[in-house]
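Summary of the model geometry
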Amino acid sequence: VAADVVDRVLGAAPADLRGLMLRAHLEQARASFPAATATLALLADHPEASVEQQERALLELGDIQASKFGDLEAAWSTASRLHALEPSGSESLEQRLRLFELVEDHRAAAATLRKLAAQPDTLGPVRTRCLLRLARIEDERLDDAAAAIATLTEITADDCRETVLVRLLALADRSGRWDLA
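Now for a quick tour of the structure. This structure is a prediction, so every number in the text was calculated from the model and none was measured.

1. Description of helix H5 (residues 72-82)
- Those residues of H5 not exposed but buried are Ala-74, Ala-75, Thr-78, Ala-79 and Leu-82. Along the long axis of H5, the arc covered by the buried residues comes to 135 degrees, so they all point the same way.
- For H5, the elements touching its buried residues are helix H4 (51-68) and helix H6 (90-102).

Okay, here's the thing in structure tokens:
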């Protein structure tokens, strides 16, 4: 029934932003992912869509491309379009991080973790987890031990001092960068 109403609205005004948003939601709820990707692509390029609406459409589109179709190339292309849009907050950054990790864009994931850790609403334990993940990516994926060491030295939480110390010593030993640790 809801789909029929949306179809009638879009039949009369096929470019209606709200109608397209409803259609995308319904198509995803029905698991009609090919149709949802087409609608989300229209939303991402819609001239009346706000930055937040474009961002949401791109995040959902990239997620479907990667997780439902296994099309990492398409998801990568979609994820790269997000760089032009300013994130709308912590939730947006977390969703971007998930997509960047799905498409193995390690540089974008690292930059997103850095932004997430710097958000005013990112509290101590969450910030610590972000920085630990960031250091792991910098070391293991970006092969940048110096950046990983610098990130680990930013962690001040008492409850993970031993973890940080062990990782710092291992990185310094492996990289020979004792001056940074």
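Having seen it, we continue.
2. Observations regarding the environment of Phe-100
- Among the structural elements, Phe-100 can be located in helix H6.
- We classify Phe-100 as buried; its relative accessible area is 2%.
- Placed 22 residues apart in sequence, Phe-100 and Thr-122 show a C-alpha to C-alpha distance of 20 Å.

3. Things to note about the pattern of salt bridges
- Enumeration over the complete set of coordinates arrives at 14 salt bridges.
- The salt bridge involving Glu-60 is made with Arg-56; its shortest N-O contact spans 3.8 Å. Of this pair, Glu-60 and Arg-56 both sit in helix H4, 4 residues apart, which is roughly one turn of the helix.
- Arg-114 is the salt-bridge partner of Glu-154, the closest N and O atoms lying 2.9 Å from each other. One end of the pair, Glu-154, is in the loop between helix H9 (145-152) and helix H10 (161-175); the other, Arg-114, is in helix H7 (residues 106-118), and 40 residues separate them in sequence.
- Residue Glu-154 is classed as partly exposed on the basis of its relative accessible area of 30%.
- For Arg-114, a relative accessible area of 32% gives the class partly exposed.
- A single network of salt bridges, built from pairs that share partners, joins Arg-114, Arg-127, Glu-138 and Glu-154.

The rules behind the values
Residues numbered from 1 in each chain as written. Predicted model: local features only at pLDDT ≥ 70, side-chain atom pairs only at ≥ 80, totals over all residues. Heavy atoms only, no water. Buried < 20%, exposed > 50% of the residue type's maximum accessible area, 1.4 Å probe, protein only. Helix = DSSP H or I, 4+ residues; strand = E, 2+ residues; numbered from the N terminus. Arc of directions from axis to C-beta. Contact = heavy atoms within 4.5 Å. Salt bridge = Lys/Arg side-chain N within 4 Å of Asp/Glu carboxyl O.

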